[in-house]
Amino acid sequence: MAKSEQVTLPYGLKTQHIPNISEVHILWITAGLGCDGDTVSITAASQPSVEDVLLGAVPGLPKVHLHNAVLAYEVGDDFMKFFHQADRGEIDHFLLVVEGSIPNEQLSGEGYWAAMGTDPQTGRPITTNEWIDRLASKALGVVAAGTCATFGGIHAMKGNPTGCMGLADYLGWDWKSKAGLPIINVPGCPVQPDNFMETLLYVLRQLAGLAPMIPLDDALRPKWLFGMTVHQGCDRAAYYEQADFAEEYGSRKCLVKIGCWGPVVQCNVPKRGWIAGIGGCPNVGGICIGCTMPGFPDKLMPFMDEPPGARISATLIKPYGVLIRNLRRLTNSTLNKEPRWRHNQPQRTTGYHPDKPEEVYPL
Ligand code: SF4
Ligand code: SF4
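First, a word on scope: everything that follows refers to the structure included in this document. This one's a predicted model, so the numbers in the text were calculated from it and none came from an experiment. (Residues numbered from 1 in each chain as written. Chains lettered and ligands numbered in written order. Predicted model: local features only at pLDDT ≥ 70, side-chain atom pairs only at ≥ 80, totals over all residues. Heavy atoms only, no water.)

Here we take up empty space enclosed by the protein. A full pass over the atoms with the stated rule returns three cavities of 30 Å³ or more. The space that makes up the largest cavity amounts to roughly 90 Å³. Contributing to the lining of the largest cavity are 13 residues, with H231, C234, C254, L255 and C260 lying nearest its centre. Considering only enclosed or pocket space, the second largest cavity measures out at about 50 Å³ in volume. In terms of lining, the second largest cavity is formed by I26, W28, I42, V50, V53, L54, V64, L66, M197 and L200. Secondary-structure elements contributing two or more residues to the lining of the second largest cavity are strand 1 (23-29), helix 2 (50-54), strand 2 (63-68) and helix 7 (193-207). Element by element, the count of residues in the lining of the second largest cavity is highest for helix 2, at three residues. Residue composition of the lining of the second largest cavity, by class: 10 nonpolar, no polar and no charged. (1 Å grid on protein atoms, 1.4 Å probe; cavity = no way out; pocket = protein on both sides within 12 Å on 5 of 7 lines; lining within 4 Å. Points joined across faces, edges and corners; volume = space filled by probe spheres on them. Helix = DSSP H or I, 4+ residues; strand = E, 2+ residues; numbered from the N terminus. Nonpolar A, V, L, I, M, F, W, Y, C, P; charged D, E, K, R; others polar.)

Reported here for the largest pocket is a volume of approximately 210 Å³. Lining the largest pocket are 22 residues; nearest its centre among them are C267, V269, W274, C281 and C291. Classifying every residue of the lining of the largest pocket by side-chain character gives 17 nonpolar, five polar and no charged.

Near ligand 1, the surroundings consist of V230, H231, C234, R236, A237, C254, L255, V256, C260, G262, P263 and P282. At a threshold of 2 Å from the grid points, most atoms of ligand 1 map onto the largest cavity. Here the residues of the shell around ligand 1 sort into nine nonpolar, two polar and one charged. (Near = heavy atom within 4 Å. Sits in = over half its atoms within 2 Å of the grid points.)

In this model helix 11 (residues 308-335) runs 39 Å from its N-terminal to its C-terminal C-alpha over 28 residues, within 8% of the 40 Å that 1.5 Å per residue would give. Roughly 45 degrees is the biggest bend found in helix 11, and it falls at K318, with proline P319 one to four residues downstream. Regarding helix 11, the residues found buried are A310, A314, I317, G321, I324 and R325. Along its buried surface, helix 11 packs onto helix 9 (237-241). (Expected span 1.5 Å × (residues − 1). Bend = angle between axes of the 7 residues up to and from the residue. Buried < 20%, exposed > 50% of the residue type's maximum accessible area, 1.4 Å probe, protein only. Contact = heavy atoms within 4.5 Å.)

Tracing the chain through its elements places L201 in helix 7. Filtering out sequence-adjacent residues up to four positions away, L201 remains in contact with P48, V58 and L61.

This part covers unusual backbone geometry. For the bond from Q47 to P48, the omega torsion is 5 degrees, close enough to zero to count as cis. When you line up the elements, P48 lands in the loop between helix 1 (37-42) and helix 2. For the bond running from M301 to P302, omega is -5 degrees, close enough to zero to count as cis. As for its position among the elements, P302 is in the loop between helix 10 (269-272) and helix 11. Of note in the backbone geometry, D36 takes a positive phi value of approximately 70 degrees without being a glycine. Examined against the element boundaries, D36 turns out to sit in the loop between strand 1 and helix 1. Among the residues examined, D36 registers a relative accessible area of 24% and is labelled partly exposed. The backbone phi angle of A243 is positive, close to 55 degrees, even though this residue is not glycine. The topology assignment puts A243 in the loop between helix 9 and helix 10. Under the relative-accessibility criterion, A243 is labelled buried at 6%.

Read these as geometric descriptors, not functional statements.
Listed below in structure tokens is the structure:
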């Protein structure tokens, strides 16, 4: 090639990282016992958005191919072929995402509780359990999306006929993928949009070789998202501290006496908002029902009753809260008045002494 024809690469290309894995498929099973609410929820994400991830807006990450029945272009067998390919070992790198509770098929008798696609050989539906059995061991990582897939959720309530459970109950809490990742639980009913997409982004960064092992707590939740309580991020906490409690819905005060479980629930929604910082739960007037918690919903019902612990803490804080509220009211009223030297009189009463400034502002 003549010198004049040589292509000069931009110097800045040195900053580009080639990911350890160039492509990754996301096989998303929406056929747990669920409502697809988590899939719908993530379409509202922006940090990053689904489109950002699929179009590679963040450089240095593997190219992502998403297979989710609600969002896919393909339908029927064309959609299912990726799951069969992964099962046959024809897709090297994939993440398995499960949405919805995992039913106990040992209780389903002749039929089945949940299935996706049919077996080409037998023509019989392939149960959700069977898909998990086939694919989890071949996946680089397994992610449970939403509280149903993580801990069982609403479908696993007392009295349910399916005996359903979360993914870690099904696979085992110590389960590890072939790449050494534990199950990653992103609870929420539904999952907060950016919480899920941020977790996915972290896993992609990890697969690219750009991040250490994802930090998870004992319930396998990302620590940076679920390490604080709702109460710690609620902008009504100042009302709580001053023992100023709402008696009815529609109040701007703390909702603890009308059913808010925020002080004992791990979730960042009031701090983060729902979409683009807008919305939430107790911060905008809706009691926290603890939808991210393993004990949800049974241990938090009936939702609109005052939580038992709240009665004790609200009673204990009352004398302190009332005293502090009154003292603050006094200070507040002095702060609401301007200093007396701000006037339109011929005398200067500001304390200004050109010869002795240190008397006004001692150093
Ligand atoms: S509304 Fe709930 S989360 Fe907010 S301050 Fe009151 S108890 Fe805490
Ligand atoms: S604040 Fe409470 S009800 Fe709202 S998403 Fe979080 S855990 Fe669920």
